[in-house]
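# Understanding the architecture of this molecule
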Amino acid sequence: MREFQCDLAIIGSGPAGLACAKSAAEHGVKKIVILERNPQSGGILNQCIHNGFGLSVYKEELTGPEYAYRALQLIQRNFPFHKDPDMVEDGISLFTETMVTYISKVVTDIAKDHQIQALSPKGVLIIHAQKVFLAMGCRERTRFNILTPGTRPAGIFTAGAIQKIINQEGLMPAKEAVIIGSGDIGLIMARRLTLEGAKVKLVSEILPYSSGLTRNIVQCLQDYNIPLRYNTALVDIIGKKRVEAVVVAPVDENRRPDLSRAKTITCDTVVFSVGLTPETDLTKTLGLVIDPATNGYQVDETLQTSLPGFYSGGNVVHVHDLADLVTMESERAGAGLAIPRVPRSAPVYLTHNENLRYIVPQLLRYQSFGPLVLSMRSTRVLPKATLTIISEGQVILKQKREHVTPGEMLVVTLPEVLAQKIGNDLTVNLDEETL
Amino acid sequence: MKQELICIICPRGCHLSVEVKDKTVTSVKGNACPRGEAYAKKELLAPARTLTTTMKVEGGQTPLVSVKSQGEIPKELMICAVQYLDTLTLKAPVLVGQVLVENLLDTGIAVVATAENLEQNLEPVA
Ligand code: SF4
């Protein structure tokens with residue numbers, strides 16, 4: 001067993017963990033430890049070999065692995081960097097193949113000491129950290145999350161699992177596939193399967209629209225003549241040892257399938273792309289507050305969770321649509337945890353109207369300090385909308401927005417002069433603009 | 001002749017309405033920025049895409065390395081290009097940005113690595 005002390009322990013080295021490490025180091029945090037369960041840093045970016053990353057952060061279009069490489073390079077070039085060291089020194093230490101199994105909060109008279117237990121190839125690791133940044137990201141929802149009936153043969157994958165098998169392990173597990181759900185990863189895997197020689201017979205979406213980007217429908221489906229059917233549900237999976245077919249049926253406006261119009265499609269593979277959910281299991285025993293709207297940690301404007309000293313960012317707070325946004329959020333967390341702030345007399349909980357599903361941060365704990373960034377998601381499609389931010393009856397900001405959709409995160413930055421106007425309450429309203 | 005297209009250059013996805021006469025684009029409407037017009041012209045006359053895929057690596061830490069075409073290749077060559085790249089096997093180490101194929105299927109476009117894949121057991125056994 002090895003035991004280390006550090007100022008900041010980061011769990012996960014995807015875009016969130018790497019960005020927080022860099023930003024915390026820039027703001028003077030000395031001993032930073034990153035714990036990564038894979039042999040390599042970068043998280044899910046390593047298997048996302050397609051491009052479209054980096055346009056905001058690096059001002060050029062990169063693939064996932066290139067984005068991960070750049071993020072690590074920024075750390076290696078600017079700070080003392082140690083990979084799998086025997087001792088933790090000043091700078092950023094990355095421990096790979098190290099799986100955190102338990103986090104406990106020990107408050108003694110002398111110090112607040114958060115204790116992290118992890119398993120590594122060199123044995124058990126105990127890390128005593130002043131502060132912790134939770135960056136575990138998200139995981140995919142599975143067939144069970146959408147209550148799919150049918151047997152349990154081989155050949156059923158989530159989009160991310162088949163992406164890993166094809167892009168990292170070099171195996172090709174499908175000849176004829178049907179994809180359930182039209183999220184971006186599902187669309188990208190439809191193209192990937194086709195390029196590697198499989199026939200994708202259908203992408204089936206239960207909603208009347210796709211949650212993926214239009215450009216992905218064009219360049220992943222239309223380019224290869226892959227059919228996409230809306231208002232269509234999966235009603236059965238057939239097969240004993242291996243998937244033999246799926247049954248799909250059109251749904252009514254209550255999403256109830258019309259079985260009289262069901263169709264059987266033969267295939268050996270079913271791929272589920274039915275959404276993502278924050279991976280918060282690791283902290284269950286700590287009782288951190290989870291926002292039911294995001295399924296992720298509730299955070300304040302410094303990205304601190306409900307437990308002092310525990311910060312978080314990226315997809316474990318709320319599922320982002322772009323890695324760039326994860327990076328920017330986690331950089332704010334790195335600054336947030338490093339710079340002391342003056343607390344408000346009472347926290348301000350943000351409220352919003354019915355056109356918004358959630359806002360991150362959920363609350364403000366500190367007096368205004370620099371610009372305030374709010375991330376939010378709408379509940380429905382609004383071709384033209386007005387976003388209004390109100391405090392104590394005063395309109396602080398009013399903005400026009402076009403093409404608002406639940407699939408695209410809205411980010412609003414309140415400059416410091418406006419953030420200072422926030423009083424004892426804060427409401428954000430998104431209203432449809434009527435012409 | 002009138003054609004409807006969706007611009008795929010940025011996530012906004014503008015719906016373009018394009019007028020084509022004698023194999024030349026005479027007008028583009030619906031684009032929110034000039035890149036949409038350039039896209040429409042190219043898409044109707046010579047559609048091209050950036051290819052991202054993987055190649056096999058021998059002696060590396062993992063069996064594959066992710067790669068991309070360093071520029072766009074004709075759309076109809078995408079499947080062919082992947083089939084061709086799947087027949088090749090590289091030798092570790094492969095470094096980010098390393099040119100792996102200089103001229104992919106005579107397109108004049110190179111294929112470069114987008115990740116690194118170093119040799120297995122780099123350190124001598126103690
Ligand atoms: S026309 Fe311009 S704004 Fe519209 S999708 Fe194309 S690049 Fe984006």
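Just so you know, these numbers come straight off a predicted model, no measurement behind them.

### Quick notes on the overall build of chain B
Each helix and strand in chain B was counted, giving 2 helices and 8 strands. Mapped from its N terminus to its C terminus, chain B presents α and β elements in the order β-β-β-α-β-β-α-β-β-β. For chain B, whose C-alpha radius of gyration is 20 Å, the value lies well above the compact-globule estimate of 14 Å for 126 residues. Judged by the C-alpha coordinates and their principal axes, chain B covers about 70 × 30 × 15 Å. Out of the 126 residues belonging to chain B, those deemed buried represent 40%. Within chain B, counting contacts between residues at least 6 apart in sequence, those at least 24 apart form 48% of the total. Between the averaged position of the 13 positive side-chain charges in chain B and that of its 14 negative side-chain charges there is a distance of 11 Å.

### Quick notes on the domain arrangement of chain B
It is common to report an interface's size as the accessible area lost on association of the parts. Looking at chain B, the domain boundaries give domain 1 (2-46) and domain 2 (49-113). Placing the centre of domain 1 of chain B and that of domain 2 of chain B at their C-alpha centroids yields a distance of 29 Å.

### As for the sheet that holds strand β25 (residues 382-391) of chain A
All names here are of chain A. Pairing in this open sheet of 5 strands is mixed, and the strands run β23-β21-β28-β25-β26 from one edge to the other. A strand with exactly one partner marks an edge of an open sheet, and here the two such strands are β23 (363-366) and β26 (394-404). The mean inter-strand angle of the sheet, taken between neighbouring strand axes irrespective of direction, is 15 degrees. The pairing of β25 with β26 spans 9 bridges and is classified as antiparallel. If you follow Ser 391 over to β26, its bridge partner there is Gln 394.

### Here's the deal with the nonpolar core
With 62 residues, the main nonpolar core has A:Leu8, A:Ile32, A:Ile116, A:Ile127, A:Phe133 and A:Leu134 as its most contacted residues. A domain split of this core shows at least three residues from each of domain 1 (2-139 + 277-340) and domain 3 (351-432) of chain A. In terms of nonpolar packing, the next biggest core, distinct from the first, is built from 43 residues, A:Ala174, A:Ile188, A:Cys220 and B:Val57 among them.

Reading guide: rules and limits
- Residues numbered from 1 in each chain as written.
- Chains lettered and ligands numbered in written order.
- Predicted model: local features only at pLDDT ≥ 70, side-chain atom pairs only at ≥ 80, totals over all residues.
- Heavy atoms only, no water.
- Helix = DSSP H or I, 4+ residues; strand = E, 2+ residues; numbered from the N terminus.
- Rg over C-alpha atoms; globule rule 2.2 N^0.38 Å.
- Buried < 20%, exposed > 50% of the residue type's maximum accessible area, 1.4 Å probe, protein only.
- Contact = heavy atoms within 4.5 Å.
- Lys, Arg positive; Asp, Glu negative; His and termini not counted.
- Charge placed at Lys NZ, Arg CZ, Asp CG, Glu CD.
- Domains from an automatic or database assignment.
- Pairing = 2+ DSSP bridges.
- Axes fitted to C-alpha atoms, helices over the stretch in contact; angles between N-to-C directions.
- Core = buried A, V, L, I, M, F, W, Y, C linked by side-chain atoms within 4.5 Å.

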